[in-house]
Amino acid sequence: MAGELESSKALSGLLNGLAQEAFYGHQGITEELLRSQLYPEVSLEEFRPFLAKMRGILKSIASADMDFNQLEAFLTAQTKKQGGISSDQATVISKFWKSHKIKIRESLVNQSRWDSGLRGLSWRVDGKSQSRHSAQIHTPVAIMELEIGKSGQESEFLCLEFDEVKVNQLLKKLSEVEESISTLMQPA
Amino acid sequence: MSAVGTAAPYLHYPADSHSGRVSFLGAQLPPEVAAMPRLLGDLDRGTFRKLLKLVVSSLQGEDCREAVQRLRAGADLSEERLGVLLAGTNTLLQQAIRLPPASLKPDAFQDQLQELCIPQDLVTDLASVVFGSQRPLLNSVARQQGAWLPHVSRLCWRVDVAISTSALARSLQPSVLMQLKLSDGSAHRFEIPTAKFQELRYSVALVLKEMADLEKRCELKLQA
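The structure presented is a predicted model; accordingly, all values stated were derived computationally and were not measured.

To continue, consider the nonpolar core. Generally speaking, soluble globular proteins have nonpolar side chains that are buried together. B:Phe24, B:Leu92, B:Leu93, B:Phe109 and B:Leu113 are the most contacted members of the largest nonpolar core, which has 43 residues in total. Looking at this core, the elements that each hand over two or more residues are helix H1 (31–34), helix H2 (37–40), helix H3 (45–59), helix H4 (65–75), helix H5 (79–98), helix H6 (106–115) and helix H7 (120–130) of chain B. Counting residues per element, this core draws most heavily on H5(B), which supplies 8 residues. Contacts of B:Leu92, omitting those with residues within four sequence positions, involve B:Phe24, B:Leu25, B:Val33, B:Met36, B:Phe109, B:Leu113, B:Ile118 and B:Leu126. Judged by nonpolar contacts, the second largest core, of 33 residues, contains A:Leu11, A:Leu14, A:Ile85 and A:Phe96.

Residues and elements named next belong to chain B. Direction of pairing for strand S2 (residues 173–182) relative to strand S3 (residues 187–192): antiparallel, over a ladder of 6 bridges. The partner of Lys 181 across the bridge, within S3, is Ala 187. A loop of 4 residues connects S2 with S3, the two strands running antiparallel in sequence, and Gly 185 in this loop sits at a positive phi of about 95°.

A few words on the pairing of S2(B). Residue and element names in this part refer to chain B. Counting buried residues along S2, 8 of its 10 residues qualify, which places the element largely inside the surrounding structure. Relative to S2, strand S1 (residues 152–162) runs antiparallel, the two being bridged by 10 bridges. From the neighbouring strand, Val 152 faces S2, where its bridge partner is Leu 182.

As a further point, take a nonpolar patch on the surface. The grouping of A:Leu184, A:Met185, B:Ile163 and B:Leu172 at the surface amounts to a nonpolar patch, some 370 Å² of accessible area in total. With respect to the helices and strands, the residue B:Ile163 is situated in the loop between S1 and S2. With relative accessibility at 60%, the residue B:Ile163 sits in the exposed group.

Let us look at the packing of aromatic side chains. All names here are of chain A. Within this structure, the stated rule accounts for 5 aromatic pairs over all chains. Judged by centre distance (5.5 Å) and plane angle (75°), the rings of Tyr 39 and Phe 50 are edge-to-face. Here Tyr 39 is found in the loop between helix H3 (31–38) and helix H4 (44–64), whereas its partner Phe 50 is found in helix H4, with 11 residues between them in sequence. When sorted by exposure, Tyr 39 lands in the same class as Phe 50, which is buried. Judged by centre distance (6.4 Å) and plane angle (55°), the rings of Phe 47 and Phe 50 are tilted. In this pair, Phe 47 and Phe 50 are both assigned in helix H4, 3 residues apart and thus about one turn of the helix distant. Here Phe 47 falls in the buried class, since its relative accessible area comes to 0%. Through successive ring pairs, a cluster of aromatic residues spans Tyr 39, Phe 47 and Phe 50. For the cation-ring pair, Lys 98 lies above Phe 68, with the distance from its terminal atom to the ring centre recorded as 5.6 Å. Seen from the ring of Tyr 24, Lys 103 lies directly overhead, with NZ or CZ sitting 4.8 Å from the centre.

Thresholds, definitions, all that
Residues numbered from 1 in each chain as written. Chains lettered and ligands numbered in written order. Predicted model: local features only at pLDDT ≥ 70, side-chain atom pairs only at ≥ 80, totals over all residues. Heavy atoms only, no water. Core = buried A, V, L, I, M, F, W, Y, C linked by side-chain atoms within 4.5 Å. Buried < 20%, exposed > 50% of the residue type's maximum accessible area, 1.4 Å probe, protein only. Helix = DSSP H or I, 4+ residues; strand = E, 2+ residues; numbered from the N terminus. Contact = heavy atoms within 4.5 Å. Pairing = 2+ DSSP bridges. Patch = residues over 30% accessible without salt bridge, like charges linked within 9 Å, V, L, I, M, F, W, Y side chains within 5 Å. Areas by Shrake-Rupley, 256 points an atom, 1.4 Å probe, with all protein chains shown as cover. Salt bridge = Lys/Arg side-chain N within 4 Å of Asp/Glu carboxyl O. Phe/Tyr/Trp six-rings, centres within 6.5 Å; stacked < 30°, edge-to-face > 60°. Lys NZ or Arg CZ within 6 Å of the ring centre and 35° of its normal.

Here it is as structure tokens:
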């Protein structure tokens, strides 16, 4: 039985399944599904604590967004623990985290975004030539379409018009924002 | 002005004018302008000047309803006659202001009004509005009245850094919150993730460059 639980390929699959359910929001990945697909020879009674252990380890790593030094220290400690993991299992977990770290972090950050977010931007520059009130205008005008939406909901499209002055003002404000972010994120 | 009566202005085909060009009022004379000349002959000049002042205020975006009532009461004008004069004067001025000075010169303007049988002293008054000191203001009001998509009237921003969340013990993720107030009165608030923010900034810079290039190209075309 222990032999089956040692299988690297199966563990890799298990971690993927756990990530899908915990981080990427896929429904329907049950305990039974994982067992039957990856560890068919293992009983549910034996599988359950094993699954809980792996789930716990993965959640700790993801929640702390561990870098590779922290990861190594953490996994080494787990191998030394009573009822912990084997070094082969540690290797599989380490490999999994290295390839999924960024994507999982992105997904976790999104879980705490509840307001509408900017999803996309399209733009066009037109040359205004005439209107009912003016025969010759010849000014460039920018039209921007902002796609805004909340997680899981349909987008709203905002269509806005800007003359050159307004585009300049917008760019200036965005530069102020950029400077603010850079200052904040500078290492202490 | 005599036997032909009100039909007279319609017989002035644009091509008949000695310059041979199309009138600033267009190929077909607007009916409200056509109806004016017969009402102007015996109109008190002071009344006309008041009326003109009223129309100019309206073109500058002011609410002139009360002023119209006062004018009607004070000048003893029938509602119908006042209506024709207001509409005609308004159209006449609007059409003239629509064209840049290079396209419609004072002489041409005055000639064309005379061809419509508008009395000379009133032509002078109208010309002083179109080519006088008020013109820049009338131009800027006309520009603002053009067809618009909503534009941004106010932009406020905030940078937040999420320290910790229920999903991430140590987040330290900056996020930009933006609030836009638009010219149509609506307000929109949304978050901009860091990657999208960079994309936005790049796009806006590119838009500005494209606008500057387009303006240069238009200038060159006008000069050519």
